[in-house]
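Architecture and fold: a report
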Amino acid sequence: MSQTPQSHDNQSSALATDIPVLVYKTEPISGQTTGTSGMRKKTSVLVSNPSFLPNWVQSLFDALGGPSVLSGRTLILGGDGRFYNKTAAQTILRMAAANGFARVIVGRNALLTTPAVSALIPAREALGGIILTASHNPAGLDGDWGIKYNTGSGAPALQALTDAIYEKTQKIFEYKLADFGADIDLSSEGITSFAEGKFVVEVINPVDHYLTMLRSIFDFDALRELMARPDFSMLFDAMHASTGEYARVIFGIELGAGFRAVLNADPKEDFGGGHPDPNLTYAADLVDALDPTKNADAPQFGAASDGDGDRNMILGRGVFVSPADSVAIIADYASKAIPYFGKKGLKGVARSMPTASALDRVAEEKGVPLFYTPTGWKYFTNLMDAGKINICGEESFGTSSDHIREKDGVWAVLAWLSILAFENRDKEVGQFVTVQEILLAHWRKYGRTFNLRYDYEAVDAADAELLMLNLKGMAAGIVPYAEEIRRVLEFEYKDPVDGSVASNQGIIVQTRTGGRVVFRLSGTGSEGATLRIYFELYEAPSADMPNKDLNVVMKDLVSLALDLARVEEFIDRKAPTVIT
Ligand code: G6P
Ligand code: ZN
């Protein structure tokens, strides 16, 4: 514990648990802003101020309703394995006991992916779960740290709760910690009981429950047969983050792919110095390993996940499956290739507004509704709770279904393996149907949605606002725009379940040639503003379309959009920082 009692006015008091409770005086700390991804900070901020974490956790417990609500309840606790998580877990256990929780279920070494926590919360009838993660942001003393709360259904906290937490952080004057006498051993599974069982810490295997859930969704026998084929092999890059534990057990042992199928499998507190974001830039080693011009033994299938295991990237030998194509293809195959959907059928599908529209054409063909939501998983979970959708995806490498209320990286990988198993079920060795063939067949049937994203990171926030304001002027009909543009509109979403309205969700530009460009400011950047521009151009099926070069096809649309928004002029950048 790193609290410095000298600077606090402590008193002991006996609360419901009968474990000695220390009450620490504190005061509000600025910078505890909390959104649906929780609170994210530079790790050094937490390490240098021992009240930073307790202030936030006490504010969370107070916002949930305090001891009268927490009393007797269970909390799930886990995280992505980054530096400071183990320290934080000890503090949270002590605070959970002091604030009335009866039980905390914590992953061994405080490790649990976001999807695993989301699955455990309803399964163990917990009040909610705390996830120690800053997702794909780099970790370590110089990196980022984060904490978020998911509610009883397993979904991320909605804005009303995150606003309430923040409000509490601005008024806080004390926090409570139980005194266990020593740290609780989180390195091995088992139960530690305090005050004759009034407070229990249950350290669990992080993978077991999640794996049991996946077994009930997918046909593991079919997946094992795929793995056993001599003409198939796969590589999963865990990027030294939380999914290493899961991948070794699920792909390596359970499906029989072997340990060599998992790269960077050891979770490390600094993610090995890397940036665990599964995309073409940050998972470049995996991309190279799948490239037959660089690796003669390139496997048939490759995938990666992010720090906390909710994002995914799908690759075939020499081919990248864009997230927009990935969710469309999963939806197309779901009912025949994945038993969970074979039983339930496809109810409806959803994509976030900036995500290219490949999914729409699958929905149309299947005769199921398609929902089109603002960026952020919470819009999907509302639709799931109402039974309106059971598959959804986002361009930001998030894909999942209603089996949990979060996006799920390993689930998406198993969905793709299921598609490969289905296509190859009767195929002789040597006749393997590849990821590329599945992608080409999809384009031949539905047409191809060329898509591209430009990110301009760490730009001046005021400049980025002005650029957006100018575009809003076009949407409002005040600022004129070029003849090639058909329409400029601002995206507003009315939730079909609760009727709430989300406005200011980005600018959509439609061109006369059928192109679409979306402009929005990132909600997750940590420095200045990040301008994201999403380009999309649909081409109906044709013989030469599959072989077209993405950058050639998009060239005119890109320059038209950059001119329209006067990007270089407003933000003083000649080129984007990342292209995906
Ligand atoms: C988080 C959310 C996603 C969302 C993404 C957008 O990862 O969980 O649902 O798509 O942020 O990030 P951005 O930086 O584009 O706002
Ligand atoms: Zn994540």
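See above for the structure.
Residues numbered from 1 in each chain as written. Chains lettered and ligands numbered in written order. Predicted model: local features only at pLDDT ≥ 70, side-chain atom pairs only at ≥ 80, totals over all residues. Heavy atoms only, no water.

Some details on the sheet that holds strand 17 (residues 370-373)
Note on sheets: strands pair through backbone hydrogen bonds, and any given pair is parallel or antiparallel. Strands sit in the order 17-16-18-19 across an open sheet of four strands; the sheet is mixed. At either end of the open sheet lies a strand with only one pairing partner, and these are strand 17 and strand 19 (398-401). Taken over all neighbouring pairs, the strand axes of this sheet differ in orientation by 15° on average, direction set aside. In terms of strand pairing, strand 16 (residues 349-352) meets strand 18 (residues 391-394) through three bridges, oriented parallel. Paired with Val 349 across the strands is Ile 391, a residue of strand 18. The strands touched by helix 11 (residues 323-337) are strand 16, strand 18 and strand 19; relative to strand 18, the strand with the most contacts, the crossing angle is about 170°. (Pairing = 2+ DSSP bridges. Helix = DSSP H or I, 4+ residues; strand = E, 2+ residues; numbered from the N terminus. Axes fitted to C-alpha atoms, helices over the stretch in contact; angles between N-to-C directions. Contact = heavy atoms within 4.5 Å.)

What about the coordination of the zinc ion (ligand 2)?
Looking at the zinc ion (ligand 2), one finds its protein donor set to be Ser 135 (OG), Asp 306 (OD), Asp 308 (OD) and Asp 310 (OD), positioned 2.0 to 2.2 Å from the metal centre. Considering all four donor atoms around the zinc ion (ligand 2), the spread of angles at the metal, 86 to 165°, places the coordination shape in the irregular class. What makes Ser 135 buried here is its relative accessible area of 6%. (Donors = N, O, S within 2.8 Å, 3.2 Å for Na, K, Ca; no water. Tetrahedral: all angles 85-135°; square planar, octahedral: opposite > 155°, others 65-115°. Buried < 20%, exposed > 50% of the residue type's maximum accessible area, 1.4 Å probe, protein only.)

Details of the site of ligand 1
Within the structure, ligand 1 sits among Arg 311, Thr 375, Gly 376, Trp 377, Glu 394, Ser 396, Lys 407, Arg 520, Ser 522, Gly 523, Thr 524 and Arg 532. Within the contact set of ligand 1, an oxygen atom lies 3.2 Å away from a backbone nitrogen or oxygen of Trp 377. Taking Lys 407, its side chain carries an N or O atom lying 2.6 Å from an oxygen atom of ligand 1. Split by residue class, the shell around ligand 1 holds one nonpolar, six polar and five charged. For the shell around ligand 1, the two domains that each supply at least three residues are domain 2 (209-446) and domain 3 (448-579). (Near = heavy atom within 4 Å. Polar contact = N/O pair within 3.5 Å; in protein donor to acceptor, adjacent residues only side chain to side chain. Nonpolar A, V, L, I, M, F, W, Y, C, P; charged D, E, K, R; others polar. Domains from an automatic or database assignment.)

Section: helix 4 (residues 85-98)
With 14 residues, helix 4 should reach 20 Å at 1.5 Å per residue; the first-to-last C-alpha distance of 20 Å fits that figure. Most of helix 4 sits out of view: twelve of its 14 residues are buried. For helix 4, the set of buried residues is Asn 85, Ala 88, Ala 89, Gln 90, Thr 91, Ile 92, Leu 93, Arg 94, Met 95, Ala 96, Ala 97 and Ala 98. Gly 100 sits one or two positions beyond helix 4 and adopts a positive phi of about 110°. (Expected span 1.5 Å × (residues − 1).)

Examining the sheet that holds strand 13 (residues 301-305)
As summarised here, the arrangement of the five strands in space is 12-11-13-14-15, forming an open sheet in which the pairing is mixed. What marks the edges here is a single partner per strand, and that holds for strand 12 (262-263) and strand 15 (319-321). Strand direction decides the pairing type here: strand 11 (residues 234-237) and strand 12, joined by two bridges, are parallel. Its bridge partner lying in strand 12, Asp 237 is registered against Leu 263.

Observations concerning the pairing of strand 17
A regular strand carries its side chains on alternate faces of the sheet. Alternating positions in strand 17 separate cleanly, Phe 371 and Thr 373 being buried on one face and Leu 370 and Tyr 372 remaining unburied on the opposite face. Read from strand 16 through helix 13 (residues 358-366) to strand 17, the crossover connection turns out right-handed. (Right-handed = clockwise from strand over helix to strand, strands pointing away.)

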